[in-house]
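# Report on the structure
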Amino acid sequence: MWNHVTRDPAEAAETLSGEFPRLTLTTDDDDLFAFRHSGRAEDRWAIRRLAIRGSAALIGSVAETYGVGRVRSGRAALDYAAHGVDTGRPFLRPLGHSTLLIESAALELVTLDQAAFRRYAPRYLVGTDLGLTVPSAADTAPVSAAAERFWDAARVYVAEILADPELVSSDIVRDQLYDLLLRTFLHCFPVTSDTRTAPGARTAVLPATIRRVLQHIDEHSAEAVTVADLAEVGRLSVRAVQDGVRRYTGLTPLQYLRDRRLDAAHAQLIASDPATVNVAAVARGCGFAHMPRFARDYRLRFGENPRDTLRS
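Residues numbered from 1 in each chain as written. Predicted model: local features only at pLDDT ≥ 70, side-chain atom pairs only at ≥ 80, totals over all residues. Heavy atoms only, no water.

With that out of the way, let us pick up the packing of aromatic side chains. Under the counting rule described, the total for this entry stands at 10 aromatic pairs. Where Tyr66 meets Phe185, the ring centres are 6.1 Å apart and the plane angle is 85°; that geometry is what we call edge-to-face. Here Tyr66, found in strand E5 (residues 66-80), pairs with Phe185, found in helix H5 (residues 171-188); they are 119 residues apart in sequence, far enough to count as distant. Across this residue pair, the class does not change: Tyr66 and Phe185 are buried. (Phe/Tyr/Trp six-rings, centres within 6.5 Å; stacked < 30°, edge-to-face > 60°. Helix = DSSP H or I, 4+ residues; strand = E, 2+ residues; numbered from the N terminus. Buried < 20%, exposed > 50% of the residue type's maximum accessible area, 1.4 Å probe, protein only.)

Structural data, given as structure tokens:
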């Protein structure tokens, strides 16, 4: 656990950058400014609380793909490029460049480690026709009022257990807390095929064949993948793959592949050192051969140039 308190904006910015290297903290209220950052982090998840007095802005990217924020008190406005987020409810905190404007507010962020999420989440979807989707800045709210209450109840329960050092020292207890957070997250937010349908997609649940196709894309996005390859993976015709992927995601198979490559490039650029890595190398490693097209698609998806992500 940690609890850092300061009234020095520069110290606050340095503290925050230790947790979120791609976020920049600025404030014009040096006399009024006060900052508290507390929380607890495990290997697979973390709960962080941030309280700021005065006006401040947090600009940049949050590296965790799967995170849920909420405003505990005060006012905070969050924008991703052209999408404004409703911060009056718990909200997804997806990848992408964002601006968070704070007016004397207290916030909380629950994050699920990306690697652990992708490892464990599919276990809860075995035997179903569901699959994972990528969190979108255009769709951040819980899927229903009941889901919102369910998430809040789970979050409160986890926080209460974390406050008991004896309980949280147990590996079994920590595993159960992670299990609860992960299952609740999958049920309450638009990150599976039954909780989110992209624009133009239908709500029908698709068979496991299409799920295998999408999983193959996720696992081999950097490779040369064709629709014919996907048809072989799914044991389907090319037409069935095209129709099925579009029905599930609202995208063609190659558009879905492009977005997974863009997500991989974004994550690598966030984590890379600009002194030793360049954008072209990252793009090529993620499967892009045409640099101008990559830069254009990257700007459309994340609201910034790939070079800016690497340098920020």
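Let us keep going from here.
On to the confidence of the model for the protein. This prediction gives the protein a mean pLDDT of 85; 92% of its residues lie at or above 70. Across residues 197-205, where pLDDT falls below 50, the model places 13 contacts with residues more than four positions away in sequence or in other chains. (pLDDT = per-residue confidence, 0-100. Contact = heavy atoms within 4.5 Å.)

Turning our eyes to something else, we now look at empty space enclosed by the protein. Taken as a whole, this structure holds four cavities of 30 Å³ or more when the rule is applied. In this structure, the largest cavity occupies an estimated 220 Å³ of space. Forming the walls of the largest cavity are 17 residues, and the residues nearest its centre are Leu50, Leu58, Leu100, Leu107 and Leu109. Secondary-structure elements contributing two or more residues to the lining of the largest cavity are strand E4 (45-60), E5 and strand E8 (98-112). (1 Å grid on protein atoms, 1.4 Å probe; cavity = no way out; pocket = protein on both sides within 12 Å on 5 of 7 lines; lining within 4 Å. Points joined across faces, edges and corners; volume = space filled by probe spheres on them.)

Here the focus is the pairing of E4. As judged from the five bridges shared by strand E2 (residues 23-27) and E4, these two strands associate in the antiparallel manner. Looking across to E4, one finds that Leu25 is bridged to Leu58. By the bridge criterion, eight bridges tie strand E3 (residues 34-41) to E4 in an arrangement that is antiparallel. Within E4, the residue paired with Ala41 across the bridge is Ala46. Between E3 and E4, which follow one another and run antiparallel, lie three residues. (Pairing = 2+ DSSP bridges.)

This part takes up the pattern of salt bridges. Tallied over the full model, the rule gives 15 salt bridges. Two residues, Glu108 and Arg70, come together in a salt bridge whose shortest N-O distance is 3.1 Å. Remark: Arg70 occurs in strand E5 and Glu108 occurs in strand E8; sequence separation between them is 38 residues. Each member of the pair, Glu108 as well as Arg70, carries the same accessibility label: buried. Here Arg296 makes a salt bridge to Asp297, at a shortest N to O gap of 3.0 Å. Residue Arg296 is classed as partly exposed on the basis of its relative accessible area, which comes to 42%. Shared partners join several salt bridges into a network, and the residues in it are Arg49, Arg70, Glu108, Asp152 and Arg155. (Salt bridge = Lys/Arg side-chain N within 4 Å of Asp/Glu carboxyl O.)

Moving on, we get to the packing of helix H9 (residues 253-271) against helix H11 (residues 291-302). Interhelical geometry of H9 versus H11 gives an angle of 80° and a closest axis separation of 10 Å. One finds that H9 runs roughly perpendicular with respect to H11. On H11, the residues touching Arg258, Asp259, Arg260, Leu262, Asp263, Ala265, His266 and Leu269 of H9 are Phe294, Asp297, Tyr298, Arg301 and Phe302. For the contact of H9 with H11, the class distribution of residues is six nonpolar, one polar and six charged. (Axes fitted to C-alpha atoms, helices over the stretch in contact; angles between N-to-C directions. Parallel < 35°, antiparallel > 145°, perpendicular 65-115°, else oblique. Nonpolar A, V, L, I, M, F, W, Y, C, P; charged D, E, K, R; others polar.)

Helix length check: H11, at 12 residues, gives a terminal C-alpha distance of 16 Å against a target of 16 Å (1.5 Å per residue), a fit within 8%. Looking only at H11, the buried set comprises Phe294, Ala295, Asp297, Tyr298 and Phe302. Its buried side turned inward, H11 meets H9, helix H10 (279-285) and helix H12 (306-311). Of the residues trailing H11, Gly303 is marked for its positive phi of about 75°. (Expected span 1.5 Å × (residues − 1).)

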